[in-house]
Amino acid sequence: MFITFEGGEGTGKTTLMKDIAEILSQEYEVVTSREPGGSMITEAIRDIILNPKYKGVTPYTEALLLAASRAQHLDEIILPALKANKIVLCDRYLDSSLAYQAYARDLGFDFVLSINQYATYHMPALTFYIDLDPLVGMARISNRAKYDRLDQETVLFHQKVREGYLKISKMYPDRIVTIDGTLSIEEIKKQIIAKIKETL
Ligand code: TYD
């Protein structure tokens, strides 16, 4: 079973995913990964996408690099794990490209879906979108030592990302479960585990 986690900056989804993986691994074989990244090749692509030193990366290049990283990650990590009957938890997937590149960067859903056609053949069974006001999320990460190229975007951009996610959640209501990011981490975990068990 393929499960993804989505949300803006500072929603706590990375910690959350780690905890969920630990709980599920008591009963199942679990593989965790993240996008962009997860393997040597995709971590190299991640550096070009996120390192502030490459500030000249244009929106189209950004979307194409993310799609390339996603294709590599599918072949190297996700598909082999699913074939071996493992549960795969992934921090971000195609919905991130729909919210950030198609919607917030205005590249449009058609373009982003077309360059990600390979990923559309392998969609997650479940996606948890942690919804949070970007002002709250960005305040939570304000003490981070390092900001990547996308963290450095304006609040307005991150508000657009959230709008994008809310639209996408309405487009795919059977797959995407929207979680209130202001709830306690324990409550969020409870909701997610209940939904996964119900689906399994
Ligand atoms: P990361 O440090 O993993 O951020 P977070 O902890 O917020 O998940 O950085 C990933 C960044 O890349 C994040 O700002 C979202 C962005 N991104 C896209 O814009 N499009 C995509 O398709 C993906 C996978 C990520």
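For the structure, see preceding data.
What comes next concerns the included structure. (Residues numbered from 1 in each chain as written. Predicted model: local features only at pLDDT ≥ 70, side-chain atom pairs only at ≥ 80, totals over all residues. Heavy atoms only, no water.)

**Details of the overall build of the protein chain**
We count it as follows: Put simply, DSSP H or I for four residues or longer makes a helix, DSSP E for two residues or longer makes a strand, and each gets a number counted from the N terminus. We compute the radius of gyration from the C-alpha atoms alone; for a globule the expected value is 2.2 Å times N to the 0.38, where N is the number of residues. Exposure is judged per residue with a 1.4 Å probe applied to protein chains only, and the accessible area is read against the type maximum: over 50% gives exposed, under 20% gives buried, and values in between give partly exposed. In this analysis, two residues are considered to be in contact whenever any of their non-hydrogen atoms come within 4.5 Å of each other. Here Asp and Glu are counted as negative and Lys and Arg as positive; His is not counted, and neither are the chain ends. The location of each charge is read from NZ of Lys, CZ of Arg, CG of Asp or CD of Glu.
A count of helices and strands for the protein chain gives 9 helices and 5 strands. Going from N to C terminus, the protein chain has its helices and strands arranged as β-α-β-α-α-β-α-α-α-β-α-α-β-α. On C-alpha atoms alone, the protein chain measures out to a radius of gyration of 16 Å, which is about the 16 Å that the 2.2 N^0.38 rule sets for 200 residues. When the backbone C-alpha atoms are referred to their principal axes, the protein chain occupies close to 45 × 35 × 35 Å. Burial statistics for the protein chain: of 200 residues in total, 46% are counted as buried. Restricting to contacts in the protein chain with at least 6 residues of sequence separation, those with at least 24 account for 78%. Here the protein chain holds 24 positive side-chain charges and 27 negative ones, and the gap between their average locations is 2 Å.

**A word on the nonpolar core**
Convention followed: In this description, a nonpolar core means a group of buried Ala, Val, Leu, Ile, Met, Phe, Trp, Tyr and Cys residues linked to one another through side-chain atoms lying within 4.5 Å.
One finds Y93, Y100 and V161 to be the most contacted residues of the largest nonpolar core, which totals 29 residues. Breaking this core down by element, the ones donating at least two residues are α2 (40-50), α3 (59-83), β3 (87-91), α4 (94-104) and α8 (155-171). For Y100, the contacting residues outside a window of four places in its chain are G7, G8, E9, R92, R105, L150, F157, V161 and Y165. One finds L24, I87, I179 and I193 within the second-largest nonpolar core, a separate group that totals 17 residues.

**What to know about empty space enclosed by the protein**
Cut-off, in case you're wondering: A pocket here means an open set of points on a 1 Å grid, computed over the protein atoms alone, that has protein on both sides within 12 Å along at least five of seven lines. A cavity is instead a set of points where a 1.4 Å probe fits but cannot get out; residues with an atom within 4 Å of a point line either one. Grid points are joined across faces, edges and corners, and a volume is the space filled by probe spheres set on the points.
Counted by the stated rule, this structure contains 2 cavities of 30 Å³ or more. What the largest cavity holds in volume is close to 90 Å³. Lining the largest cavity are G8, E9, T11, Y129, I130, L132, P134, M138, H158, V161 and R162. Residue assignment for the lining of the largest cavity shows that the elements contributing at least two residues are β4 (126-131), α7 (134-140) and α8.

**With respect to the sheet that holds β4**
We apply this condition: Two strands are said to pair when DSSP picks up at least two bridges between them. Note on method: axes are straight lines fitted to C-alpha atoms, helices fitted across the in-contact stretch only, with angles between N-to-C directions ranging 0 to 180 degrees.
Strand order in the open sheet formed by 5 strands is β2-β3-β1-β4-β5, with parallel pairing between adjacent strands. Edge strands, defined here as strands with exactly one partner in the open sheet, are β2 (30-34) and β5 (176-180). Strand after strand, the sheet turns through a mean of 20° between neighbouring axes, direction not considered. In the packing of α3 onto the sheet, the strands contacted are β1 (2-7), β2 and β3, and the crossing angle to β2 comes to about 160°. Against the sheet, helix α9 (residues 185-199) contacts β1, β4 and β5, and its axis sits at roughly 165° relative to β4.

**Details of the layout of surface pockets**
Going by this rule: The classification used treats Ala, Val, Leu, Ile, Met, Phe, Trp, Tyr, Cys and Pro as nonpolar, Asp, Glu, Lys and Arg as charged, and all other residues, Gly among them, as polar.
By volume, the largest pocket is sized at about 920 Å³. Elements represented by at least two residues in the lining of the largest pocket include exactly α1 (13-24), β2, α2, α3 and α4. With 5 residues, α1 is the largest single contributor of residues to the lining of the largest pocket. Tallied by class, the residues present in the lining of the largest pocket amount to 11 nonpolar, 13 polar and 15 charged.

**Digging into the packing of α2 against α3**
Formally: For this classification, under 35 degrees means roughly parallel, over 145 means roughly antiparallel, 65 to 115 means roughly perpendicular, and everything else is oblique. Whether a crossing is left-handed or right-handed is set by the direction in which the near helix is turned from the far one by less than a right angle, anticlockwise for left-handed and clockwise for right-handed.
At a closest axis distance of 9 Å, the pairing of α2 and α3 adopts a crossing angle of 165°. Judged by the inter-axis angle, α2 sits roughly antiparallel to α3. Between α2 and α3 the crossing geometry is left-handed. For the pair α2 and α3, contact is made by I41, T42, I45, I48 and I49 and by E62, L65, L66, A68, S69, Q72, H73 and E76, respectively. Of the residues assigned to the contact of α2 with α3, the class counts are 7 nonpolar, 4 polar and 2 charged.

**Let's talk about the site of the ligand**
This is how it is decided: In these notes, residues near a molecule or strand are those with any non-hydrogen atom within 4 Å of it. Side-chain atoms alone can form a polar contact between residues adjacent in sequence; in general such a contact is a pair of N or O atoms within 3.5 Å, and within protein one must be able to donate a hydrogen while the other accepts it. Exposure was quantified through the Shrake-Rupley algorithm and a 1.4 Å probe, taking into account, for residues, occlusion by the shown protein chains and nothing else. Molecules are considered to sit inside a cavity or pocket once more than half of their atoms lie within 2 Å of its grid points.
Around the ligand sit 16 residues in total, of which K13, R70, R92, S97 and Q101 are the nearest. Between an oxygen atom of the ligand and a side-chain N or O atom of E9, the distance comes to 3.2 Å. S97 is positioned with one of its side-chain polar atoms (N or O) 2.6 Å from an oxygen atom of the ligand. Protein coverage of the free-state accessible area of the ligand, which is 540 Å², stands at 93%. The cavity that encloses the ligand is the largest pocket. Counting only elements with at least two residues in the shell around the ligand, the list comes to α1, α2, α3 and α4. Considering every element that reaches the shell around the ligand, the biggest residue donor is α4, with 4 residues. A breakdown of the residues in the shell around the ligand according to their chemical character gives 5 nonpolar, 4 polar and 7 charged.

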